[in-house]
Amino acid sequence: MNIESFESIIPTALHTQYPLTFTDIEFSGEMFAELSKVGFPEKLKNKMLAIELEARYKLIDELLKQSGCLQILEIACGFTTRGLSLCNKNSNIRYVEFDLPQVINLKVELIKKFSEIPNNLKFVSGNALDKNSLNEALNFFDIKKPIAVINQGFMRYLNFEEKEILAKNIYEIISQNNGCWITCDVTPAKFVENQNKNISVNYNKDLTEITDRNNVSWRFKNKSDVTIFFEKLGFKLEWHDFIEVIDYLSSPKQLEIGKTEIYKYLENAVVVVMRKKIE
(Lines give C-alpha, C1' and ligand atoms only; values in the text may rest on other atoms or scores of the structure.)
Protein backbone atom coordinates (compact mmCIF):
# COMPACT_ATOMS: atom_id res chain seq x y z
CA MET A 1 0.00 0.00 0.00
CA ASN A 2 1.25 3.44 -0.93
CA ILE A 3 1.49 5.82 2.05
CA GLU A 4 0.80 8.81 -0.22
CA SER A 5 -2.71 7.52 -0.91
CA PHE A 6 -3.61 8.11 2.75
CA GLU A 7 -2.02 11.54 3.22
CA SER A 8 -5.31 13.34 2.60
CA ILE A 9 -6.58 11.91 5.91
CA ILE A 10 -4.02 13.95 7.87
CA PRO A 11 -6.11 17.16 8.07
CA THR A 12 -8.86 15.21 9.84
CA ALA A 13 -6.41 14.63 12.70
CA LEU A 14 -6.12 18.39 13.00
CA HIS A 15 -9.83 19.17 12.94
CA THR A 16 -10.48 17.00 16.01
CA GLN A 17 -8.02 18.87 18.21
CA TYR A 18 -9.78 22.20 18.59
CA PRO A 19 -13.02 20.73 20.07
CA LEU A 20 -10.99 18.85 22.68
CA THR A 21 -9.91 22.17 24.18
CA PHE A 22 -13.49 22.38 25.52
CA THR A 23 -12.91 19.23 27.60
CA ASP A 24 -10.85 18.29 30.64
CA ILE A 25 -8.80 15.74 28.65
CA GLU A 26 -5.21 16.12 29.78
CA PHE A 27 -2.77 17.95 27.47
CA SER A 28 -5.45 18.75 24.87
CA GLY A 29 -5.04 22.49 25.37
CA GLU A 30 -1.25 22.29 25.18
CA MET A 31 -1.35 20.21 22.00
CA PHE A 32 -3.77 22.55 20.26
CA ALA A 33 -1.75 25.59 21.30
CA GLU A 34 1.33 24.12 19.63
CA LEU A 35 -0.60 23.05 16.53
CA SER A 36 -1.93 26.58 16.21
CA LYS A 37 1.62 27.90 15.97
CA VAL A 38 2.35 25.74 12.93
CA GLY A 39 -0.92 26.65 11.26
CA PHE A 40 -4.49 25.56 11.91
CA PRO A 41 -7.17 26.46 9.30
CA GLU A 42 -10.20 28.29 10.73
CA LYS A 43 -12.48 26.04 8.69
CA LEU A 44 -11.38 23.08 10.82
CA LYS A 45 -12.66 24.68 14.03
CA ASN A 46 -16.02 23.43 15.28
CA LYS A 47 -16.45 23.38 19.05
CA MET A 48 -19.74 21.46 18.85
CA LEU A 49 -17.79 18.31 18.01
CA ALA A 50 -16.49 18.35 21.57
CA ILE A 51 -19.32 16.24 22.99
CA GLU A 52 -18.93 13.26 20.67
CA LEU A 53 -15.11 13.44 20.67
CA GLU A 54 -14.91 13.59 24.45
CA ALA A 55 -17.39 10.72 24.77
CA ARG A 56 -15.49 8.45 22.40
CA TYR A 57 -12.19 9.30 24.10
CA LYS A 58 -13.47 8.57 27.60
CA LEU A 59 -15.39 5.44 26.58
CA ILE A 60 -12.29 4.00 24.92
CA ASP A 61 -10.31 4.87 28.05
CA GLU A 62 -12.84 3.04 30.21
CA LEU A 63 -12.87 -0.03 27.96
CA LEU A 64 -9.07 -0.09 27.94
CA LYS A 65 -9.12 -0.11 31.73
CA GLN A 66 -11.66 -2.94 31.76
CA SER A 67 -9.55 -4.97 29.33
CA GLY A 68 -6.66 -5.09 31.80
CA CYS A 69 -4.17 -4.75 28.93
CA LEU A 70 -1.03 -2.81 29.80
CA GLN A 71 0.35 -3.01 26.26
CA ILE A 72 -1.45 -0.61 23.93
CA LEU A 73 -0.99 0.05 20.23
CA GLU A 74 -2.85 3.13 18.98
CA ILE A 75 -3.18 3.08 15.21
CA ALA A 76 -3.69 6.39 13.41
CA CYS A 77 -3.01 8.16 16.69
CA GLY A 78 -3.13 11.63 15.16
CA PHE A 79 -2.49 14.35 17.72
CA THR A 80 -4.35 12.77 20.63
CA THR A 81 -2.63 12.84 24.01
CA ARG A 82 -3.89 9.57 25.49
CA GLY A 83 -0.51 7.85 25.25
CA LEU A 84 1.31 10.67 27.00
CA SER A 85 -1.30 10.87 29.74
CA LEU A 86 -1.53 7.13 30.44
CA CYS A 87 2.23 6.59 30.39
CA ASN A 88 2.81 9.43 32.84
CA LYS A 89 0.27 7.93 35.23
CA ASN A 90 1.36 4.30 35.02
CA SER A 91 4.96 3.25 34.40
CA ASN A 92 3.81 -0.35 33.85
CA ILE A 93 2.04 0.60 30.63
CA ARG A 94 3.86 0.13 27.32
CA TYR A 95 2.28 2.35 24.68
CA VAL A 96 3.06 2.67 20.98
CA GLU A 97 1.61 5.46 18.85
CA PHE A 98 1.48 4.65 15.14
CA ASP A 99 0.70 6.97 12.23
CA LEU A 100 2.03 8.31 8.94
CA PRO A 101 5.57 9.76 9.09
CA GLN A 102 4.41 13.38 8.69
CA VAL A 103 2.09 13.07 11.69
CA ILE A 104 4.52 11.20 13.95
CA ASN A 105 7.44 13.54 13.23
CA LEU A 106 5.37 16.64 13.92
CA LYS A 107 3.70 15.16 16.98
CA VAL A 108 6.99 14.26 18.66
CA GLU A 109 8.31 17.75 17.93
CA LEU A 110 5.21 19.38 19.44
CA ILE A 111 5.03 17.21 22.56
CA LYS A 112 8.62 18.06 23.41
CA LYS A 113 7.57 21.72 23.64
CA PHE A 114 5.29 21.12 26.62
CA SER A 115 6.28 17.77 28.14
CA GLU A 116 9.02 15.21 28.49
CA ILE A 117 8.32 11.97 26.67
CA PRO A 118 8.21 9.04 29.13
CA ASN A 119 10.33 5.98 28.41
CA ASN A 120 7.28 3.73 28.15
CA LEU A 121 5.84 5.74 25.24
CA LYS A 122 7.17 5.02 21.75
CA PHE A 123 6.36 6.46 18.32
CA VAL A 124 6.46 4.44 15.11
CA SER A 125 5.66 5.69 11.61
CA GLY A 126 4.26 3.64 8.78
CA ASN A 127 1.12 2.41 7.07
CA ALA A 128 -1.30 0.30 9.12
CA LEU A 129 -2.30 -1.65 6.01
CA ASP A 130 1.30 -2.81 5.67
CA LYS A 131 2.00 -5.77 7.94
CA ASN A 132 5.72 -5.04 8.06
CA SER A 133 5.06 -1.52 9.41
CA LEU A 134 2.87 -2.90 12.18
CA ASN A 135 5.43 -5.59 13.02
CA GLU A 136 7.93 -2.80 13.68
CA ALA A 137 5.49 -1.32 16.18
CA LEU A 138 5.28 -4.68 17.97
CA ASN A 139 9.01 -4.69 18.72
CA PHE A 140 8.34 -2.62 21.84
CA PHE A 141 5.95 -5.19 23.30
CA ASP A 142 6.22 -8.54 25.05
CA ILE A 143 4.23 -10.60 22.55
CA LYS A 144 3.64 -13.23 25.23
CA LYS A 145 1.29 -10.77 26.96
CA PRO A 146 -2.04 -9.34 25.72
CA ILE A 147 -2.00 -6.30 23.45
CA ALA A 148 -4.90 -3.88 23.08
CA VAL A 149 -5.17 -2.19 19.70
CA ILE A 150 -7.17 1.03 19.58
CA ASN A 151 -8.10 3.48 16.83
CA GLN A 152 -10.58 6.31 16.61
CA GLY A 153 -11.55 8.10 13.42
CA PHE A 154 -9.42 6.13 10.94
CA MET A 155 -11.31 3.17 9.52
CA ARG A 156 -14.19 5.40 8.39
CA TYR A 157 -11.80 6.76 5.73
CA LEU A 158 -11.00 3.31 4.33
CA ASN A 159 -12.94 1.48 1.65
CA PHE A 160 -14.15 -2.02 2.49
CA GLU A 161 -11.20 -3.78 0.88
CA GLU A 162 -8.84 -1.64 2.98
CA LYS A 163 -10.94 -2.22 6.11
CA GLU A 164 -10.52 -5.96 5.61
CA ILE A 165 -6.73 -5.69 5.21
CA LEU A 166 -6.50 -3.62 8.41
CA ALA A 167 -8.77 -6.02 10.29
CA LYS A 168 -6.71 -9.04 9.27
CA ASN A 169 -3.51 -7.31 10.38
CA ILE A 170 -5.02 -6.47 13.76
CA TYR A 171 -6.47 -9.97 14.14
CA GLU A 172 -2.97 -11.41 13.94
CA ILE A 173 -1.83 -9.08 16.71
CA ILE A 174 -4.64 -9.65 19.20
CA SER A 175 -5.14 -13.37 18.59
CA GLN A 176 -1.67 -14.31 19.82
CA ASN A 177 -2.32 -13.75 23.53
CA ASN A 178 -5.96 -12.88 24.21
CA GLY A 179 -5.67 -9.24 23.23
CA CYS A 180 -8.49 -7.01 22.04
CA TRP A 181 -9.32 -4.34 19.47
CA ILE A 182 -11.25 -1.29 20.68
CA THR A 183 -12.60 1.07 18.04
CA CYS A 184 -15.36 3.59 17.40
CA ASP A 185 -14.81 3.39 13.64
CA VAL A 186 -17.70 0.98 13.05
CA THR A 187 -20.30 3.61 13.97
CA PRO A 188 -23.14 3.07 11.46
CA ALA A 189 -23.86 5.52 8.64
CA LYS A 190 -26.93 6.74 10.54
CA PHE A 191 -24.59 8.70 12.80
CA VAL A 192 -23.74 10.89 9.80
CA GLU A 193 -27.33 12.13 9.95
CA ASN A 194 -26.81 13.04 13.62
CA GLN A 195 -23.73 15.07 12.77
CA ASN A 196 -25.41 16.93 9.94
CA LYS A 197 -28.41 17.65 12.15
CA ASN A 198 -26.62 18.62 15.38
CA ILE A 199 -23.14 19.81 14.41
CA SER A 200 -23.82 21.52 11.10
CA VAL A 201 -26.01 20.78 8.12
CA ASN A 202 -22.88 20.94 5.98
CA TYR A 203 -20.58 19.09 8.39
CA ASN A 204 -19.87 16.03 6.25
CA LYS A 205 -19.88 18.10 3.07
CA ASP A 206 -17.18 20.33 4.58
CA LEU A 207 -15.25 17.26 5.74
CA THR A 208 -15.28 15.96 2.18
CA GLU A 209 -13.55 19.16 1.13
CA ILE A 210 -10.86 18.49 3.74
CA THR A 211 -10.24 14.88 2.66
CA ASP A 212 -11.24 12.97 -0.46
CA ARG A 213 -11.63 9.90 1.73
CA ASN A 214 -14.79 11.01 3.55
CA ASN A 215 -16.92 8.69 1.45
CA VAL A 216 -20.25 7.89 3.11
CA SER A 217 -20.61 4.75 0.96
CA TRP A 218 -17.63 3.34 2.86
CA ARG A 219 -19.59 3.39 6.13
CA PHE A 220 -21.30 0.37 7.61
CA LYS A 221 -25.08 0.68 7.26
CA ASN A 222 -25.98 -0.77 10.66
CA LYS A 223 -24.79 -3.03 13.48
CA SER A 224 -25.82 -6.13 11.55
CA ASP A 225 -23.49 -5.18 8.67
CA VAL A 226 -20.66 -4.63 11.16
CA THR A 227 -21.24 -7.97 12.85
CA ILE A 228 -21.34 -9.91 9.58
CA PHE A 229 -18.19 -8.20 8.27
CA PHE A 230 -16.04 -8.86 11.33
CA GLU A 231 -17.38 -12.24 12.39
CA LYS A 232 -16.40 -13.70 9.02
CA LEU A 233 -12.83 -12.52 9.79
CA GLY A 234 -12.79 -14.39 13.10
CA PHE A 235 -13.84 -11.71 15.61
CA LYS A 236 -16.48 -11.72 18.32
CA LEU A 237 -18.00 -8.33 19.08
CA GLU A 238 -19.06 -6.52 22.25
CA TRP A 239 -21.06 -3.29 21.78
CA HIS A 240 -20.94 -0.11 23.87
CA ASP A 241 -22.87 3.16 23.40
CA PHE A 242 -21.26 6.59 23.85
CA ILE A 243 -24.08 7.32 26.30
CA GLU A 244 -22.33 5.05 28.84
CA VAL A 245 -19.95 7.89 29.75
CA ILE A 246 -22.46 10.74 29.69
CA ASP A 247 -21.95 11.48 33.40
CA TYR A 248 -18.19 11.90 32.89
CA LEU A 249 -18.35 14.55 30.17
CA SER A 250 -17.00 18.02 30.92
CA SER A 251 -17.70 19.69 27.56
CA PRO A 252 -21.50 20.07 27.92
CA LYS A 253 -20.99 22.38 30.89
CA GLN A 254 -18.46 24.49 29.00
CA LEU A 255 -20.75 24.63 25.97
CA GLU A 256 -23.85 25.21 28.16
CA ILE A 257 -25.67 22.18 26.78
CA GLY A 258 -28.27 20.35 28.87
CA LYS A 259 -28.39 16.61 29.45
CA THR A 260 -31.42 16.07 27.18
CA GLU A 261 -29.62 17.70 24.29
CA ILE A 262 -26.47 15.64 24.88
CA TYR A 263 -28.36 12.49 23.92
CA LYS A 264 -29.02 13.98 20.49
CA TYR A 265 -25.29 14.42 19.86
CA LEU A 266 -24.45 10.87 20.94
CA GLU A 267 -27.33 8.92 19.44
CA ASN A 268 -26.20 5.99 17.24
CA ALA A 269 -22.54 6.46 18.25
CA VAL A 270 -20.85 3.25 19.42
CA VAL A 271 -17.56 1.68 20.38
CA VAL A 272 -16.99 -2.00 19.78
CA VAL A 273 -14.55 -4.30 21.58
CA MET A 274 -13.41 -7.17 19.38
CA ARG A 275 -11.62 -10.33 20.42
CA LYS A 276 -10.69 -13.56 18.73
CA LYS A 277 -13.78 -15.71 18.28
CA ILE A 278 -13.47 -19.03 20.08
CA GLU A 279 -14.73 -21.84 17.87
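In this report, we go over the structure that sits alongside the text. Keep in mind it's a predicted model, so treat the numbers as computed, not measured.

What the chain contains, in helices and strands, is 13 helices and 7 strands. Here the chain holds 279 residues, and the buried ones make up 56% of them. Accessible area for the chain stands at about 12,500 Å²; split by element, carbon and sulfur atoms hold 47% of it.

This part takes up the pattern of salt bridges. Within the structure shown, the criterion is met by 12 salt bridges. Of the charged contacts in the structure, one is a salt bridge between Arg82 and Glu74, with a shortest N-O distance of 3.7 Å. Each member of the pair Arg82 and Glu74 is classed as buried. Taking the shortest distance from any N to any O, the salt bridge between Glu172 and Lys131 comes out at 2.9 Å. Highlighted residues: Glu172 in helix H8 (residues 160-174) and Lys131 in helix H7 (residues 131-138), separated in sequence by 41 residues. One salt-bridge network, in which partners are shared between bridges, spans Asp24, Glu54 and Lys58.

Moving on, we come to the pairing of strand E2 (residues 94-99). Two faces make up the sheet, and in a regular strand the side chains alternate between them. Of all 6 residues in E2, 5 are buried; the element is thus mostly enclosed. Examined bridge by bridge, strand E1 (residues 71-75) and E2 share 5 bridges and lie parallel to one another. Residue Gln71 lies in a different strand from E2, and its bridge partner there is Arg94. The parallel pair E1 and E2, bridged by helix H5 (residues 82-89), forms a crossover whose chirality is right-handed. Here E2 runs beside strand E3 (residues 121-125); their pairing, made up of 5 bridges, is parallel. In the sheet register, Val96 faces E3, and the bridge partner there is Lys122. Read from E2 through helix H6 (residues 101-111) to E3, the crossover connection turns out right-handed.

Turning our attention to helix H13 (residues 259-266). Of all the positions in H13, only Ile262, Tyr265 and Leu266 are classed as buried. In an axial view of H13, the angular spread of the buried residues amounts to 85°, which keeps them on one side of the axis.

Right, let's talk about the sheet that holds strand E7 (residues 270-276) for a bit. The strand order across the open sheet built from 7 strands is E3-E2-E1-E4-E5-E7-E6, with neighbouring strands paired in mixed fashion. The sheet is open, and its two edges are formed by E3 and strand E6 (235-241), each paired on a single side. Each strand axis lies, on average, 20° off the axis of its neighbour in the sheet, ignoring direction. Pairing geometry for E6 and E7, over 7 bridges, is antiparallel. Looking at the pairing, Phe235 lines up with Lys276 of E7.

For the rest of this paragraph, the subject is H8. End to end, H8 covers 21 Å across 15 residues, agreeing with the expected 21 Å (1.5 Å per residue, within 8%). Restricting attention to buried positions, one finds in H8 the residues Glu162, Lys163, Leu166, Ala167, Asn169, Ile170, Ile173 and Ile174. Considered in projection along H8, the buried side chains sweep an arc of 165° and stay on one side of the axis. One side-chain oxygen at the N-terminal end of H8 lies 3.1 Å from the backbone nitrogen of Glu161; it belongs to Asn159.

Residues Cys180 and Ile182 line one face of strand E5 (residues 180-183) and the alternating positions Trp181 and Thr183 line the opposite face, and both faces are buried. Bridging between strand E4 (residues 148-151) and E5 involves 4 bridges; their strand directions are parallel. Counterpart to Ala148 in the pairing with E5 is Cys180. Between the parallel elements E4 and E5, the chain passes through H8 in a crossover that is right-handed. Strand direction decides the pairing type here: E5 and E7, joined by 3 bridges, are antiparallel.

A few words now on unusual backbone geometry. Trans is the common state for peptide bonds, and a negative phi is the common state for residues other than glycine. With a phi angle near 60°, Glu256 is a residue other than glycine that sits in the positive phi range. Within the secondary structure, Glu256 sits in the loop between helix H12 (251-255) and H13. Even without being a glycine, Asn268 presents a positive backbone phi close to 75°.

Quick look at the environment of Asn88 now. Checked against the element boundaries, Asn88 lands in helix H5. Counting along the chain gives 29 residues from Asn88 to Ile117, while the straight-line C-alpha distance between them is 8.7 Å. Not counting chain neighbours up to four residues away, the residues in contact with Asn88 comprise Phe27, Ser115 and Pro118.

Calculation notes
Residues numbered from 1 in each chain as written. Predicted model: local features only at pLDDT ≥ 70, side-chain atom pairs only at ≥ 80, totals over all residues. Heavy atoms only, no water. Helix = DSSP H or I, 4+ residues; strand = E, 2+ residues; numbered from the N terminus. Buried < 20%, exposed > 50% of the residue type's maximum accessible area, 1.4 Å probe, protein only. Areas by Shrake-Rupley, 256 points an atom, 1.4 Å probe, with all protein chains shown as cover. Salt bridge = Lys/Arg side-chain N within 4 Å of Asp/Glu carboxyl O. Pairing = 2+ DSSP bridges. Right-handed = clockwise from strand over helix to strand, strands pointing away. Arc of directions from axis to C-beta. Axes fitted to C-alpha atoms, helices over the stretch in contact; angles between N-to-C directions. Expected span 1.5 Å × (residues − 1). Polar contact = N/O pair within 3.5 Å; in protein donor to acceptor, adjacent residues only side chain to side chain. Contact = heavy atoms within 4.5 Å.

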